[in-house]
Structure formats: C-alpha cells, structure tokens
Amino acid sequence: MAAGKMRGAVGYRPNVRSEERRQLMRAIVHESFGEPSEVLTVQEVPTPEPGPREVRVRTLASPIHNHDLWTVRGSYGYKPELPARAGTEAVGVVDAMGAEVTGLQVGQRVVTGGTFGVWADYFVAKAAALMPVPEGLPDDTAAQLVAMPFSAISLLDTLDLQPGDWLAQNAANGAVGRLVAQLARARGVNVLGLVRRAAGVDELRALGIDDVVATDSDDWRDRVTQITGGAPVRVGIDSVGGSATGDLVSVLAEQGTLVVFGAMASSTMQIPSGDVIFKDVTVKGFWGSRVSAAMDADKRAALMAELYQRITSGSLTLPVEESYSFEQVADAARANFAPGRSGKILLHP
C-alpha cells in the first residue's frame, strides 16, 4: 500500500483533550449547498452521547468519496437538512456505548461505511453499522475498507459469474474499476476494461491490470474481440452514463446484463434501442447501501473475510494519495477531483 503523504503537521491538535474541553469537539459542517472547497468549514459543536444500541466512536481516519462531496453540493440521492455534517466512512476507536450494545467494547477499533457525519472528532453510529477491524490492518487501509471495496465485492457476488467468464466495465481506471478488476481476477473472472483515452491503458498496465481498451480509437471494438477471443461478455458495469453506456452495451453478448453502478459523466444513459431489443439485454441498478442493508450477517462476514484475505495476500491494494487535517478540508476536497490521482484522499483529525 502506498504510504501517502500527511499534510497539516503544523498546528496539529491532538484527539485527547482535557475534561473541560471534552464537552465540545470539532466537526466539518456546511451551512449551504455548494462547492465543497467553498462551503465546508470546521466548527466546534457538542460532543454527542450514544443512545440505546448506539456507540460513540473517536475518529482516526476517513476517506473522501465522490458521493460525500456530491451530497455537499446537494446533487446526490440523499439531501441532508442544513446545517449539515459530512462524511460517511471512517475507522475509529469505540469511546462509549449506550444500553443494549453487545459484541463491542470500549477501546476496540471499528469501521463503518454508512454512518453520516463521520468527519468529526467523534461520531455516533448504530452498533449494527460497525464492524471490528482485525489486528495488523493499518488505519489508512481500514478507513477505506467498507464503502468501495465492500460495494465492489458485493457487486461481483450478485453477478453469478463463474471462473473464465467475461465482464466489461467502463471507468476502468477509477477507484471502483481498479477494485473490481483485482477482486474479479482473484476469483478467476476475466475483466475487460474500457477507458476514454490511451493514457488510461498505460496507467492501469503500470498497476498490473491488463485487458484494457481506450474507446477514443476507431478500431477499439476490434481490439475488444482480440482480447476476449470472441468469448461472450456476459455482464457490463456502467459507472459513467451518457454515450459510454452505449459503448458498453455494444460489447455485451446476447442476453447480457448491464448493471448501472454510477453516473460520473451523465445521469442519462444513451443506449441504442436495437442493442436492447435484438440482444435481449437486461438493465438493472446496483446501490451498495441497499444491498448491504438487506444482506444477512453470515454473507456479510464471508465477504468481509474475503476482503481481508485479498488485502493481506497483496492481491487487493487500497493506496492513499494524500492525507489532510480537518482544517485543510478545502484543499482535500479540491485534491479529490485532481486528475491523475491513483489513491484515496484521507482526512485525519
């Protein structure tokens, strides 16, 4: 795992504060919807108390996801009341527990991937939304474990693909694309990656990810046939939208399935009706939060164990591009959308 760089050493404020200060904590807040680098600020707010079946967690690290910043802009599926907190995934240490909490203990490291408002010194989460972190897993890796990797492995698990099968995905050089490629390869599933430019092919090759085609060349579909050997592509994962969706559908086999995972470029998909009609293509969506909420505990534990195993074996990597302090959240938000980024942007208290 890339170590990443830590900013904000000057003026660093430790987590442990005197008792008279403990009633207040820092939290990242926005009082209006807008560009995250302009509307996110650090404020002192009351430290929360956990209720029944709730846990207070002291934050150690939290990644910035695109959907976190889309929420700040007011353009995501969830729109919080203002003033609003931010952040949804974090690793931390159990600090206090409410009544009726079992299976956790104070001082234990835990992760959550769906708790709103984790960009704070402390946050309160439902006990059921927390998962213990295995010993030996670094904080910066654990902080990224749930949202993207767990969504990626949950997605793969729903596709019913067998070793030797082919799936195709666009945004192959994005965070989810890299995760899907690594996890699918570990399961013996072949992955055809589509990127917009040739530079993306070189970028992924440097990471050990092959079978990638740039769609900016006229003969890219011929290249797809060369890579797959004409084998049927059973599933396509769309994270882009717009005309890129149609490109993805064009390489699917008859009775193939298009799974809509995201819409990085456009919320409208451009799909030729002929491909859907004559190929009998199925189109369906995938929302990781909904799938995770409906998943039984045994399945969740099995998939999480697979993630741990892939990380420890080195077949799955979760690199960090750079780390920022809370006070540098504006810089961190800008860095999240910087071109050429190969790892996650993290926030540390």
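Participant: Would you take a moment to explain the overall build of the protein chain for this structure?
Facilitator: Across its full length, the protein chain carries 13 helices and 15 strands. Whereas a compact globule of 349 residues would reach a radius of gyration of roughly 20 Å, the protein chain reaches 21 Å, a difference of no more than 12%. When its C-alpha atoms are laid out on the principal axes, the protein chain stretches across 70 × 40 × 35 Å. A total of 349 residues make up the protein chain; the buried ones form 50% of that total. Summed over its atoms, the accessible surface of the protein chain is roughly 16100 Å², and 50% of this surface lies on carbon and sulfur atoms. Computed over 33 positive and 40 negative side-chain charges, the inter-centroid distance for the protein chain is 2 Å.

Participant: I'm lost on the packing of aromatic side chains in this one. Help?
Facilitator: Geometry of an aromatic ring pair is reported as the spacing of the ring centres plus the angle between the planes. Following the criterion strictly, the structure yields three aromatic pairs and no others. Seen in terms of ring centroids, Trp70 and Tyr76 are 6.4 Å apart; in terms of plane orientation they differ by 35°. Their pairing is tilted. By relative accessible area, which is 24% here, Trp70 ends up partly exposed. Taking 5.2 Å as the distance between ring centres and 75° as the angle between the ring planes, the aromatic pair formed by Tyr78 and Phe116 counts as edge-to-face. In this pair, Tyr78 is assigned in the loop between helix H3 (66-73) and strand S4 (90-97) and Phe116 in the loop between strand S5 (109-112) and strand S6 (122-126), connecting sequence segments 38 residues apart. In this structure, Lys79 packs its charged tip against the face of Phe33, placed 5.0 Å from the ring centre.

Participant: Can you help me understand empty space enclosed by the protein in this one?
Facilitator: Any empty space left between the atoms is revealed when a probe the size of a water molecule rolls over them. All chains considered together, the criterion is met by one cavity of 30 Å³ or more. Looking at the largest cavity, its volume works out to about 30 Å³. Along the walls of the largest cavity sit His67, Asp68, Thr71, Val72, Arg85, Ala86, Gly87, Thr88 and Phe116, which together make up its complete lining. Residues belonging to the lining of the largest cavity are distributed by class as follows: three nonpolar, four polar and two charged.

Participant: Where do I start with the pairing of strand S9 (residues 190-195) in this structure?
Facilitator: On a regular strand, one side chain projects to one face of the sheet and the next to the other, so that they alternate. In terms of burial, S9 is largely enclosed, as five of its six residues are buried. In the sheet, strand S8 (residues 166-169) pairs with S9 via four bridges, with the strands oriented parallel. Across the sheet, Trp166 pairs through a bridge with Asn190, a residue of S9. After leaving S8, the chain enters helix H6 (residues 175-186) and then returns to the sheet as S9, a path that is right-handed. Handedness of the crossover joining S9 and strand S10 (residues 212-214) through helix H7 (residues 198-206) is recorded here as right-handed.

Participant: Is there a simple way to explain unusual backbone geometry in this structure?
Facilitator: The bulk of non-glycine residues show a negative phi, and the bulk of peptide bonds are trans. A cis amide bond links Leu82 with the next residue in sequence, Pro83, at an omega value of -10°. Tracing the sequence through the fold places Pro83 in the loop between H3 and S4. Despite not being glycine, Glu100 shows a phi value in the positive range, around 65°. For Asp211, which is not glycine, the phi torsion reads 60° and is therefore positive. In this fold, Asp211 is placed in the loop between H7 and S10.

Criteria and thresholds
Residues numbered from 1 in each chain as written. Predicted model: local features only at pLDDT ≥ 70, side-chain atom pairs only at ≥ 80, totals over all residues. Heavy atoms only, no water. Helix = DSSP H or I, 4+ residues; strand = E, 2+ residues; numbered from the N terminus. Rg over C-alpha atoms; globule rule 2.2 N^0.38 Å. Buried < 20%, exposed > 50% of the residue type's maximum accessible area, 1.4 Å probe, protein only. Areas by Shrake-Rupley, 256 points an atom, 1.4 Å probe, with all protein chains shown as cover. Lys, Arg positive; Asp, Glu negative; His and termini not counted. Charge placed at Lys NZ, Arg CZ, Asp CG, Glu CD. Phe/Tyr/Trp six-rings, centres within 6.5 Å; stacked < 30°, edge-to-face > 60°. Lys NZ or Arg CZ within 6 Å of the ring centre and 35° of its normal. 1 Å grid on protein atoms, 1.4 Å probe; cavity = no way out; pocket = protein on both sides within 12 Å on 5 of 7 lines; lining within 4 Å. Points joined across faces, edges and corners; volume = space filled by probe spheres on them. Nonpolar A, V, L, I, M, F, W, Y, C, P; charged D, E, K, R; others polar. Pairing = 2+ DSSP bridges. Right-handed = clockwise from strand over helix to strand, strands pointing away.

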